[in-house]
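If you want the building blocks of each chain, they are given just below.
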Amino acid sequence: MGAYARLVSAIWSGLRSAFFDPFMTLLAIVLGTLCAGIGSVWLAAALSFGILARYTQHMLSLSAGALLATAFMHLLPEAFESGAEPHDLFPVLLVGLVFFFLLDKAELWHHGHEHGESGHQHGTQHHSHEQHDHDGHHDHHHSPVTGSWAVLAGDSVHCFGDGVLIASAFVADLRLGVIAALAVLAHEVPHHMGDLVVLRAGASNKRMALVKVSLAGAVTTLGGLLGFWLVAQLEDALPYFLVVASASFMYVALADLIPQLQKRLSAAQTAAQIAWLLAGVGLVTVVSALAHGGH
C-alpha cells in the first residue's frame, strides 16, 4: 500500500509540475496583466475626470516609490540570487538603462513629428485639470486625428513590453509577479492620463477615449502571453529578463516621474511628496508580505 501511495504521489507530482503549475502561472499572468493594463486606465480616468483629480501629483510620488522599491528590493535581488554572475548582470542593467533612454528619445522625436511640440509633454500634461484642458487644445490645434492614433500605437507597444516584464516576474515567483504588476499599474497611470487628454482633444468624448485607451492597455495581456512563452523557451535567461525589468522601472522613476516632482514647493508640500514616495515603498512592501504569506 505504501508503494502504491508513493506511485500515485509521484504521478500527481509529475502531472502538477507538467500541467497544473504552468497553467496556474499562465492564469496569474493573464489576471496580473489585465489588472495592470486596464486597471491603470480606469484609475487614470478617475484621476483625470473623477473625484480623485486632486490626487494627481500624489500619484506621481506614489508611483516613483513603488517602482524604485520593486526594482531595488525585489527584481534585482531575485536576479542576483539566481546564481547568475554579477559581472554578467550589471552590464545588462547598464545596457537596459541606455536602451530605455534611447527609446524615450525616439518616442519624443516621433511625437514631435506627429503632433507638434506639445506632444512631447506626454508625461507632463497631467499636472492639473486646467492644464489638461490647455494642453488638449494645443494638441488639437496641431493634428488631433494623427496624434490620437500615434498615442494609441505608442501606448500599445509600451503596454506589450510591460506584459513581457510582468510575465518574467510571475515565472520567477508568484509574489514577484504580483509586485511587478502593481508597480506597472502605478507607473502607467500618469502615462494613460496623458493619453486620455490627447484623445479627448482629438474630438473623442470621455467614454470613447476611455474605451480606446483601455483597448491599448489590454495589449499588456498579449505581451504577458508572449513573455510566458519566451521565458519558457529561454529559461536560463530569466535573471536577465528580471534585470531588464529593473532597468525599465528605474528609468521611468528617475528620468520621468521624479523630475516632475522637482519643483520649488512649500515645506508642507515637500513633506507630502516625501510621504507619498515612502507610501509607494511601503505599499510594495506590504503587498510583498501579504503575497508571501499567501504563497
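Because the structure is predicted, anything quoted here is derived from the model rather than measured.

## A look at the overall build of the protein chain
Here is step 1 of the chain: Helix and strand counts for the protein chain come out as 9 helices and 0 strands.
Here is step 2 of the chain: Shown N-terminal to C-terminal, the secondary structure of the protein chain runs as helices and strands in the order α-α-α-α-α-α-α-α-α.
Here is step 3 of the chain: Across the 295 residues of the protein chain, 44% fall into the buried class.
Here is step 4 of the chain: A separation threshold of at least 6 residues defines the contact pool for the protein chain, and within that pool the share at least 24 residues apart is 83%.
Here is step 5 of the chain: Put simply, the protein chain shows about 14700 Å² of open surface, and 69% of that area lies on carbon and sulfur atoms.

## Considering the confidence of the model for the protein chain
Here is step 1 of the chain: The share of residues in the protein chain with pLDDT of 70 or more is 73%, and the mean pLDDT across the chain is 77.
Here is step 2 of the chain: Averaged pLDDT values over the elements of the protein chain bottom out at 37 in helix α4 (residues 129–142) and peak at 88 in helix α7 (residues 206–233).
Here is step 3 of the chain: Per-residue pLDDT stays below 50 along residues 114–147; that stretch engages in 58 contacts with residues further than four places along the chain or on separate chains.

## Re a nonpolar patch on the surface
Here is step 1 of the chain: Taken together, the side chains of Phe-160, Leu-222, Leu-225, Leu-226 and Trp-229 present a nonpolar region at the surface, about 460 Å² in accessible area.
Here is step 2 of the chain: Looking at which element gives the most residues to the nonpolar patch, the answer is α7, with 4 residues.

## Concerning helix α8 (residues 238–261)
Here is step 1 of the chain: Taking 1.5 Å as the rise per residue, α8 with 24 residues should run 34 Å; its terminal C-alpha atoms sit 34 Å apart, in good agreement.
Here is step 2 of the chain: Burial analysis of α8 places 18 of its 24 residues in the buried class, the great majority of the element.

## Considerations on the side chain of Ser-168
Here is step 1 of the chain: Positionally, Ser-168 belongs in helix α5 (residues 144–172).
Here is step 2 of the chain: Assessed through its relative accessible area of 0%, Ser-168 is described here as buried.
Here is step 3 of the chain: A polar contact is formed between the side chain of Ser-168 and the backbone oxygen of Val-164, at a distance of 3.0 Å.
Here is step 4 of the chain: The contact partners of Ser-168, leaving out residues within four places of it in the chain, are Val-231, Leu-238, Phe-241 and Leu-242.

## Re the nonpolar core
Here is step 1 of the chain: With 39 residues, the main nonpolar core has Leu-67, Leu-75, Ile-166, Leu-242, Val-243, Phe-249 and Leu-257 as its most contacted residues.
Here is step 2 of the chain: In terms of residue count, the dominant contributor to this core is α8 (13 residues).
Here is step 3 of the chain: Discounting residues that sit within four places of it in the chain, Val-243 has contacts with Leu-76, Ala-79, Leu-89, Val-92 and Leu-93.
Here is step 4 of the chain: Core analysis: the second largest hydrophobic core is formed by 21 residues, Leu-47, Ala-186, Ala-209 and Val-213 among them.

## Focus: the environment of Arg-207
Here is step 1 of the chain: For Arg-207, the location among the structural elements is in helix α7.
Here is step 2 of the chain: Relative accessible area serves as the criterion here: at 67%, Arg-207 is assigned to the exposed category.
Here is step 3 of the chain: Sequence separation between Arg-207 and Ala-45 is 162 residues, and the spatial gap between their C-alpha atoms is 9.8 Å.

## Some details on the packing of helix α2 (residues 56–80) against α8
Helix packing geometry: the angle between the two helix axes and the distance between the axes.
Here is step 1 of the chain: Where α2 meets α8, the closest approach of the two axes is 8 Å, and the angle between their N-to-C directions is 155°. Regarding the angle of α2 to α8, the classification is roughly antiparallel. Where α2 crosses over α8, the two elements pack in a sense that is left-handed.

## Some words on α2
Here is step 1 of the chain: With 25 residues, α2 should reach 36 Å at 1.5 Å per residue; the first-to-last C-alpha distance of 35 Å fits that figure.
Here is step 2 of the chain: Counting buried positions over the 25 residues of α2 gives 18, a clear majority of the element.

## Re the environment of Leu-152
Here is step 1 of the chain: As for its position among the elements, Leu-152 is in helix α5.
Here is step 2 of the chain: Not counting chain neighbours up to four residues away, the residues in contact with Leu-152 comprise Leu-199, Lys-212, Val-213 and Ala-216.

## Focus: the packing of aromatic side chains
Pairs of aromatic rings are described using the distance from one ring centre to the other and the angle between the two planes.
Here is step 1 of the chain: Counting across every chain of the model gives 2 aromatic pairs.
Here is step 2 of the chain: Consider the rings of Phe-80 and Phe-90, whose centres lie 5.1 Å apart with planes at 45°: the pair is tilted. In this pair, Phe-80 sits in helix α2 while Phe-90 sits in helix α3 (residues 86–115), placing the two residues 10 residues apart along the sequence.
Here is step 3 of the chain: Ring geometry for Phe-99 against Phe-100: centres 5.3 Å apart, planes inclined by 70°, an arrangement best described as edge-to-face.
Here is step 4 of the chain: Under the relative-accessibility criterion, Phe-99 is labelled partly exposed at 45%.

About the thresholds
- Residues numbered from 1 in each chain as written.
- Predicted model: local features only at pLDDT ≥ 70, side-chain atom pairs only at ≥ 80, totals over all residues.
- Heavy atoms only, no water.
- Helix = DSSP H or I, 4+ residues; strand = E, 2+ residues; numbered from the N terminus.
- Buried < 20%, exposed > 50% of the residue type's maximum accessible area, 1.4 Å probe, protein only.
- Contact = heavy atoms within 4.5 Å.
- Areas by Shrake-Rupley, 256 points an atom, 1.4 Å probe, with all protein chains shown as cover.
- pLDDT = per-residue confidence, 0-100.
- Patch = residues over 30% accessible without salt bridge, like charges linked within 9 Å, V, L, I, M, F, W, Y side chains within 5 Å.
- Salt bridge = Lys/Arg side-chain N within 4 Å of Asp/Glu carboxyl O.
- Expected span 1.5 Å × (residues − 1).
- Polar contact = N/O pair within 3.5 Å; in protein donor to acceptor, adjacent residues only side chain to side chain.
- Core = buried A, V, L, I, M, F, W, Y, C linked by side-chain atoms within 4.5 Å.
- Axes fitted to C-alpha atoms, helices over the stretch in contact; angles between N-to-C directions.
- Parallel < 35°, antiparallel > 145°, perpendicular 65-115°, else oblique.
- Left-handed = near helix turned anticlockwise from the far one by under 90°.
- Phe/Tyr/Trp six-rings, centres within 6.5 Å; stacked < 30°, edge-to-face > 60°.

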